[in-house]
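Here's the letter readout for the chains.
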Amino acid sequence: MAHGLDREGAPEWRGAVRATAAGPTPDQAWALLRDFCSLDRWVSLVQTCRRLEGADGEPGCVRYCAGPVNMAAPEEPVGWSKERLVEVDAAGRSYSYEVVETNKGFGRYRATIGVEADPAGRLEEEIMTNVEDDPALRVP
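The following paragraphs examine the structure supplied in this document. All of these numbers come straight from a predicted model, not from anything done at the bench.

What counts and how
Residues numbered from 1 in each chain as written. Predicted model: local features only at pLDDT ≥ 70, side-chain atom pairs only at ≥ 80, totals over all residues. Heavy atoms only, no water. Phe/Tyr/Trp six-rings, centres within 6.5 Å; stacked < 30°, edge-to-face > 60°. Helix = DSSP H or I, 4+ residues; strand = E, 2+ residues; numbered from the N terminus. Buried < 20%, exposed > 50% of the residue type's maximum accessible area, 1.4 Å probe, protein only. Lys NZ or Arg CZ within 6 Å of the ring centre and 35° of its normal.

Here we come to the packing of aromatic side chains. Counted by the stated rule, this structure contains 6 aromatic pairs. Their ring planes at 85° and their centres at 5.6 Å tell us that F36 and Y95 sit as a pair that is edge-to-face. Here F36, found in the loop between α1 (26–33) and α2 (39–42), pairs with Y95, found in strand β6 (residues 94–102); they are 59 residues apart in sequence, far enough to count as distant. Each member of the pair F36 and Y95 is classed as buried. Relative to Y97, the ring of Y95 lies with its centre 6.3 Å away and its plane at 55°, an arrangement referred to as tilted. This pair shows no difference in class: Y95 is buried, exactly as Y97 is. Members of the aromatic cluster, connected to one another through ring pairs, are W30, F36, Y95, Y97 and Y109. It is R63 that lies over the ring of F36; its NZ or CZ is 4.0 Å from the centre. Between the NZ or CZ atom of R63 and the centre of the ring of Y97, over which it lies, the distance is 4.9 Å.

Structure follows, in structure tokens:
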């Protein structure tokens, strides 16, 4: 993970994760992942993910996600976040979203998730994250 300063001089973290999966084709994986409110179907620690506002799959859509893990406040029974869909590239099989409210200790957070084939034709899922840390909310 890279560390630096954003344009305003605030601390910033950046990182990327890439994984290769056997089985589904990129189109089959994208059929599940493109549903912005399906996080609870493919991330085991997310128990609920539902649309709060906006049109499904359209920029501006806001989802609510919650699960039992909250490293920022372990005394709270649920970690939750509200996330806004910012951009969708259906042809490129990716979308970007940002956290607009959470109890998980993030300040500013923006991520892009995408699916593509590697040179051998296997599925690759890439989650590119740009996390900008707000020191007032930093997890100890």
